[in-house]
Every structure is written in structure tokens, then in C-alpha cells.
Amino acid sequence: MRARWAAWAVAWCACTAAAPFEPRASHSSTMPSPVCDPLLLHNPPPLPLNAREHEAAVVHTARALADLVEKGIADEARATALARAVARAPLSPMPAAVALGAPQLHLGVLYVSEPSRLIIFQQNNSATLRQFWRTLASAWNATSVVWSNAWFSCEKDEEGWWGGIAAARGTGPTRAAAAIFRRWSSLPCEEAMHDWLGEFPRCDPVTTECEASRALRDGERKLEYSCKCRPGHWSQYGGGWVNGDSLERNNRNFLTCTPCGMGSSATACLADVYRVGLLAANLAGMLLCVVIGLIIFRKRKCKAVAMGMWTVLEVVLFGALLMYASAASQYISVPKWRCIAGAWLRELGFVACYGSVVLRLWVLLAEFRTRKAHRWTPKDSEVLRVVGAMVLGAGCYLAAFTATAACEEDIGGCARAAWHHVTGAAEILLLLAGIRIAYAARNANVPFQERGLLSAALWAEAACGVWWRGVAWVANDAAPERWPVAAVARAHLSSGAALACVLAPRLWHGYRARSLAQEVSRRGPAEGFGAEGEEEPTSEEVRAELKRLYVQLEILRNKTIRRDNPHISKRRGGRKPPHRRFSLQKKGSREKALQARRGGKGKPSGGASVVEASEAGDASRTPEDSVCSVEGPSHYTDGDTQA
């Protein structure tokens with residue numbers, strides 16, 4: 001039985017190479033069209049944007065027919081219903097024809113959408129139908145899907161460019177094949193078309209593009225060609241398509257385009273001018289990030305920069321630099337590398353930039369919640385480790401993005417917009433987490449209004465991200481990342497929000513925060529505040545300077561009290577180590593016993609009361625706060641420093 005089925009399969013494949021036969025009209029008495037051999041191209045046609053969806057559709061169709069064969073219910077009626085259902089599938093572009101076949105059951109149907117008609121396989125077919133059956137049979141011995149080369153049909157009903165994809169599923173007697181076909185209005189020119197075009201195309205192969213389409217006028221020629229300048233070139237005909245007949249009437253041997261540059265047409269090369277301008281804007285943003293990074297490194301010991309963790313600020317700048325570079329990568333000529341480079345640079349830059357912003361808010365929240373307990377502040381190294389872990393996770397996700405071959409070389413961008421929607425959702429979740437942390441720390445007293453500025457950056461990026469995903473959703477799942485103008489706008493919005501809200505205010509405060517002592521030393525003590533030609537200090541600067549002066553006066557007063565004072569024991573002074581605990585001594589302690597042994601019993605009782613009062617008065621002081629310490633008090637509160 002298996003040999004018999006194999007013989008039927010061989011016969012079916014051989015029928016595709018049979019001599020052409022004029023098909024019999026089944027529902028009409030009109031005369032059939034004359035026999036015309038199709039033109040088979042040597043180069044594969046361009047794949048659709050959603051090639052993966054077409055492959056999945058043809059595999060599911062072949063598997064469905066194989067299930068019908070296995071159940072023993074496969075016939076022409078059920079195969080026809082299946083073909084009609086596949087022809088109405090929501091694919092882009094819509095299937096132009098669907099073919100199903102099971103040679104062991106002598107079953108073969110071809111359903112053409114426009115005009116709607118059904119063709120049953122028979123051993124004698126026309127030349128055009130033979131190409132459909134040949135495409136269907138090409139996947140019989142293949143384990144994966146097979147994309148066929150395009151062909152041009154010159155018959156009346158099927159005239160135009162055709163091509164398809166085929167797949168076979170099942171084993172042994174239950175194996176079945178399916179094919180989905182689509183049409184093109186034009187295809188790139190190649191050598192096999194020259195006889196049908198009537199001449200060699202008058203298009204320069206270096207500077208122009210050539211496309212062949214169905215001839216609109218009735219005549220001997222079935223095809224006609226058109227030429228257009230390649231990107232970055234211009235000609236006197238403009239940037240559109242020029243028909244070959246126009247070149248023949250103007251006695252042009254070849255349409256040759258000139259590269260855009262010095263002396264080029266400003267109107268024809270306007271798009272290239274825009275591209276150069278956008279690229280210059282991206283490079284300017286990258287240069288700005290480098291300059292700000294150098295400034296922060298030089299001012300890393302400044303109070304305004306040091307309080308914001310200068311290493312984290314450098315990571316924010318590095319992330320903004322990568323986001324600018326992702327927009328600049330849109331000008332890579334190879335589509336595959338353009339897609340991969342843009343995705344990697346964008347996501348790694350986003351995680352490094354806004355991940356650092358979220359972690360900085362977390363540090364502010366941690367400091368705010370531990371203000372009344374033993375103070376715990378996350379160190380820069382801990383924050384950097386968390387940022388590194390986030391970047392590593394993003395790298396694993398992008399590795400999966402690259403490994404699944406989501407980029408196609410022939411469409412100028414990433415084929416599947418689902419990856420970008422998932423990535424956008426992850427970005428918005430990270431931003432919402434940062435906004436939640438900022439809300440929890442809303443009552444924190446943070447210098448330089450840092451919490452509000454970080455929150456503004458997160459809100460701005462979240463609004464831009466939601467708007468960006470909405471545009472992609474409305475545009476029929478087209479990923480906006482493939483548009484250079486949109487990519488540049490997104491990079492400037494994301495990086496600009498970080499630079500404007502995170503770094504610019506901090507640098508401005510660092511520039512404005514000049515202490516009063518520096519001003520006095522520069523202008524002289526006699527001038528003081530309000531010197532002519534100089535702007536007066538703000539109230540915050542005056543308050544900070546007075547507080548510093550009060551602290552210095554307190555330190556000098558304590559040093560004066562301790563200097564050469566015979567009533568203060570030097571052995572009791574000195575700052576105690578941090579682990580040393582201070583415990584109060586009860587009455588009748590070692591000091592009192594020593595005094596009694598030295599003859600203190602004969603002294604008046606008032607002396608003992610003075611000692612006890614002194615010890616009771618010192619009970620509320622720690623060793624560090626005692627004025628008897630050689631180094632003086634270790635810290636001062638606002639109440640101690642005010643007059």
C-alpha cells in the first residue's frame with residue numbers, strides 16, 4: 001500500500017510538468033484564453049512584513065488537512081471549505097489563492113479569491129495552473145516551509161506576478177500539503193525579464209532602481225519597467241518613478257542619477273538634508289552627554305554633586321548617551337544590523353538612565369524612613385550593583401530578541417511589532433514603580449528639590465511612552481522604531497527629560513552655591529554683602545553661613561574653656577570609639593569611695609552634695625557631648641547653633 005501511495009505522489013508531481021492543456025470551461029461557454037507559458041524568475045521575491053504569520057498559517061492549514069485525512073473524512077467539499085476559510089484569514093497581504101493536496105486520495109483543490117473560482121486538480125492543466133501545483137508539490141519532501149520564486153502569468157484571469165509559500169505535514173498515508181499564494185503589482189528587474197520587456201532596461205544599475213510591472217496598454221509586450229533614483233541621489237526627473245517609454249521618447253540611453261552633495265538640487269535632495277540634520281542632532285546630544293560627564297567628574301566633591309551620588313549621575317548620563325546613539329543607528333544601511341543595534345542601544349540606555357533615577361528615589365525614601373532610628377544610607381556601590389543587575393536582565397531579554405530572528409533583512413526594520421509592545425510595557429512598569437516610590441517619599445525634606453525633579457522626569461517619560469505605544473497601536477501594529485524621524489524625536493524626549501530634570505538643576509545649584517566666606521575673601525571683608533556690581537546672596541545662603549559661624553563660635557568657646565583649666569581632668573577627655581557604650585554610675589561609685597579613703601570624710605557635707613549634683617547633671621550627656629572632651633562635641637543640633 002505504501003508503494004502505491006508513493007506511486008500516486010510521483011504521478012502527482014509528474015503531472016505538474018505535463019504538456020499544457022486548454023482548460024474546459026465548466027460554467028461558461030466563452031472561449032478559453034490562448035496558451036501562454038509563465039515567466040519564472042530566478043531571484044526570490046521580497047518577503048511580507050509578517051512573514052512569520054504567513055508561515056504559521058500555511059503550517060496550520062497543512063496540519064488541518066492531514067487531520068482530516070487521518071480521520072478518513074477528507075474529500076473535495078471539506079477541502080474546499082478549508083481553502084475558503086484560509087483565503088479569508090486576516091493576513092497582510094490577504095491570500096490571493098490557496099491550494100490543498102493529498103495525492104494518496106487523488107485530492108487537489110485550488111481556490112482563487114479574485115475572481116472567486118474553484119479549480120479541481122486533474123492530470124492535464126494549463127501552463128499557469130501547472131505552476132500552482134508545482135509550488136504545492138515543492139514542500140512534499142521538505143520538513144520546513146518552502147518559499148517559491150515568483151512567476152508572471154500572462155493568462156487573462158491570472159495575469160500578473162504570483163508567488164507563494166508551501167508546507168506539508170503528516171506522515172505516510174496521512175501526509176498532506178498546503179500552499180498560500182499572493183500577488184505583486186511590480187517586482188525588481190532581473191535578466192530573465194529582458195525578453196519580455198523588449199529591451200535592456202535603461203536604468204543605471206549603480207545609481208537607480210528598476211521595477212517591472214504588467215503593461216497597461218494592449219500590445220505584444222506584457223511587461224514594462226520604471227526607474228527611480230536610489231536614496232542619496234537625484235536627477236532632473238525628480239525622485240519619483242520614470243517610465244521606460246518616457247526615457248525612450250527623450251532619447252536617453254540610461255537614467256543616471258547624481259549623488260547628493262555639493263552642487264546638488266536642494267529640492268531633490270531635501271530628504272537627505274533632513275537625514276543629515278537629524279544625524280547631527282543626535283551627535284550633538286551625544287557630545288553634550290560627554291561634556292556634562294566630564295564636568296560632573298571634575299565637580300564630584302562639590303556639595304550639590306556629591307549629595308546626588310556622582311557615580312549614579314554618571315550612569316544616568318551614560319544611559320542618555322546610549323539612547324541618543326540608538327537614534328543615530330537608524331542610519332545604518334543594513335536593515336538587520338539597524339534593527340538589532342537600535343533595540344540594544346535603546347533598551348540598555350533606558351534601563352541605565354531611568355533605572356538609576358528610580359534607585360536614587362529609593363535611596364531618598366530609605367533615608368527618610370530611617371531618620372529617627374540608626375541612620376542607614378545605601379552606598380554608591382550598592383546602588384551600582386543593583387543597576388548592573390537590571391542592565392544584565394535587559395541584556396538577557398535582548399539576547400532572546402536577537403535569537404528569535406525578529407529582524408528581516410528586506411523590509412528596513414523589525415518585522416514583528418509585538419516585541420516592541422512588550423518592551424514598551426516593561427518600560428512603563430519601571431516608570432510606574434519609580435512614581436510610586438516618589439509618592440511614598442513626598443513628605444521627605446530633600447535639598448535642591450531633588451525628589452520633585454526626579455518625579456517630573458519619570459512623569460514626562462511615562463507620558464511619552466504611553467503616547468508612543470498608542471501611535472504604534474493605531475498604525476496597525478507598525479513599529480515606529482523603523483522611522484528615523486520618530487526614533488530621533490523619541491531619543492530627544494527621553495534623554496532630554498533626564499538631562500533637564502536630573503542633571504541641569506544640580507549643576508545650576510552647584511554653580512550658585514558659593515559660600516559667604518569665599519565671597520568675603522574674594523571681595524574683601526569691608527565690602528560684605530551687597531557690594532556694587534555683585535548680586536546679593538539669597539536667604540538660604542545667609543542662613544547656611546550664619547549657622548556655620550555659630551558652630552565655629554561654639555567650638556572656639558569650648559576650646560577656650562578647656563585650655564589650661566586645672567579643674568578639668570585631661571584623662572577623661574578624647575573621643576570614645578563608636579562601639580563604646582556609655583553607662584551611668586550609681587551613687588556611692590568608685591569615685592566617691594576614693595574620695596572617702598583620701599580623707600574626704602572630714603570635709604563639710606556640702607561638698608558631697610556638690611559632687612552628686614555634678615554627677616546627676618552629667619547623666620544626660622554622652623562622652624562625645626561632654627565639654628570635658630579634648631576634641632569637643634562631635635555634632636551640633638540646630639538648637640545649639642542658634643543664638
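Throughout what follows, the structure given in this document is the object of discussion. These numbers were taken from a predicted model, which means no experiment stands behind them.

What counts and what doesn't
- Residues numbered from 1 in each chain as written.
- Predicted model: local features only at pLDDT ≥ 70, side-chain atom pairs only at ≥ 80, totals over all residues.
- Heavy atoms only, no water.
- Phe/Tyr/Trp six-rings, centres within 6.5 Å; stacked < 30°, edge-to-face > 60°.
- Helix = DSSP H or I, 4+ residues; strand = E, 2+ residues; numbered from the N terminus.
- Buried < 20%, exposed > 50% of the residue type's maximum accessible area, 1.4 Å probe, protein only.
- Lys NZ or Arg CZ within 6 Å of the ring centre and 35° of its normal.
- Pairing = 2+ DSSP bridges.
- Axes fitted to C-alpha atoms, helices over the stretch in contact; angles between N-to-C directions.
- Parallel < 35°, antiparallel > 145°, perpendicular 65-115°, else oblique.
- Contact = heavy atoms within 4.5 Å.
- Nonpolar A, V, L, I, M, F, W, Y, C, P; charged D, E, K, R; others polar.
- Core = buried A, V, L, I, M, F, W, Y, C linked by side-chain atoms within 4.5 Å.
- Salt bridge = Lys/Arg side-chain N within 4 Å of Asp/Glu carboxyl O.

## Things to note about the packing of aromatic side chains
Then, number 1: Summed over the entire model, instances satisfying the criterion amount to 10 aromatic pairs.
Then, number 2: Between Phe-132 and Trp-151 the ring centres are 5.4 Å apart and the planes differ by 90°, which places this aromatic pair in the edge-to-face class. Remark: Trp-151 occurs in strand 6 (residues 151-153) and Phe-132 occurs in helix 4 (residues 127-137); sequence separation between them is 19 residues. Per residue, the accessibility class of Phe-132 equals that of Trp-151, and both read buried.
Then, number 3: Among the aromatic residues, ring-to-ring pairing joins Phe-132, Trp-151, Trp-162 and Phe-181 into one connected group.
Then, number 4: The ring centre of Trp-140 lies 5.7 Å from the NZ or CZ of Arg-175, which sits over that ring.
Then, number 5: Sitting above the plane of the Tyr-439 ring, Arg-442 keeps its charged end 4.1 Å from the centroid.

## Structural notes on the sheet that holds strand 13 (residues 242-243)
Then, number 1: Pairing is antiparallel in the open sheet, where 4 strands are placed in the order 9-10-11-13. Of all strands in the sheet, those bounded by a partner on one side alone are strand 9 (186-188) and strand 13.
Then, number 2: As paired strands, strand 10 (residues 208-214) and strand 11 (residues 223-229) are joined by 7 bridges and run antiparallel to one another. Pairing of Thr-208 across the sheet is with Cys-229, part of strand 11.

## As for the packing of helix 11 (residues 380-403) against helix 12 (residues 418-440)
Then, number 1: Between helix 11 and helix 12, whose axes approach to 12 Å, the crossing angle comes to 170°. Accordingly, the angle class assigned to the pair helix 11 and helix 12 is roughly antiparallel. Residue-level contacts link Met-390, Tyr-397, Ala-400 and Phe-401 of helix 11 to Trp-419, Val-422, Thr-423 and Leu-430 of helix 12.
Then, number 2: Residues of the contact of helix 11 with helix 12, tallied by class, amount to 7 nonpolar, 1 polar and no charged.

## Let's talk about the environment of His-42
Then, number 1: Turning to its location among the elements, His-42 is positioned in the loop between strand 1 (39-40) and helix 2 (51-71).
Then, number 2: The class of His-42 is exposed, set by a relative accessible area of 61%.
Then, number 3: In the structure, His-42 is positioned 107 residues away from Asn-149 in sequence and 6.8 Å away in space, judged by C-alpha atoms.
Then, number 4: His-42 has contacts with Asn-149, Glu-190 and Ala-192, leaving out every residue within four places of it along the chain.

## A word on the nonpolar core
Then, number 1: Counting 39 residues, the largest nonpolar core has Tyr-354, Leu-458 and Leu-503 as its most contacted members.
Then, number 2: At the level of secondary structure, the elements contributing two or more residues to this core comprise helix 7 (270-298), helix 9 (310-328), helix 10 (335-369), helix 12, helix 13 (450-474) and helix 14 (484-512).
Then, number 3: Here this core takes 9 residues from helix 10, the largest share from any one element.
Then, number 4: Grouped together as the second largest cluster of nonpolar side chains are 27 residues, Ala-62, Leu-68, Ala-79 and Ala-89 included.

## Digging into the environment of Gly-72
Then, number 1: Assignment of secondary structure puts Gly-72 in the loop between helix 2 and helix 3 (76-87).
Then, number 2: Relative accessible area serves as the criterion here: at 63%, Gly-72 is assigned to the exposed category.

## Some thoughts on the pattern of salt bridges
Then, number 1: In this structure the tally under the stated criterion is 7 salt bridges.
Then, number 2: The shortest N-O distance in the salt bridge between Glu-427 and Arg-346 comes to 3.5 Å. A residue pair is termed long-range when its members are at least 10 positions apart, and Glu-427 in helix 12 and Arg-346 in helix 10 qualify at 81 residues. As far as the burial class goes, Glu-427 and Arg-346 line up, both buried.
Then, number 3: In this structure, Glu-554 and Arg-557 form a salt bridge, with 2.9 Å as the shortest nitrogen-oxygen distance. Within this pair, Glu-554 and its partner Arg-557 are both found in helix 16 (residues 539-562), separated by 3 residues, close to a single helical turn.
Then, number 4: A relative accessible area of 42% means that Arg-557 is categorised as partly exposed.
Then, number 5: Several salt bridges share partner residues, and in doing so they unite Arg-346, Glu-427, Glu-461 and Arg-490 into one network.

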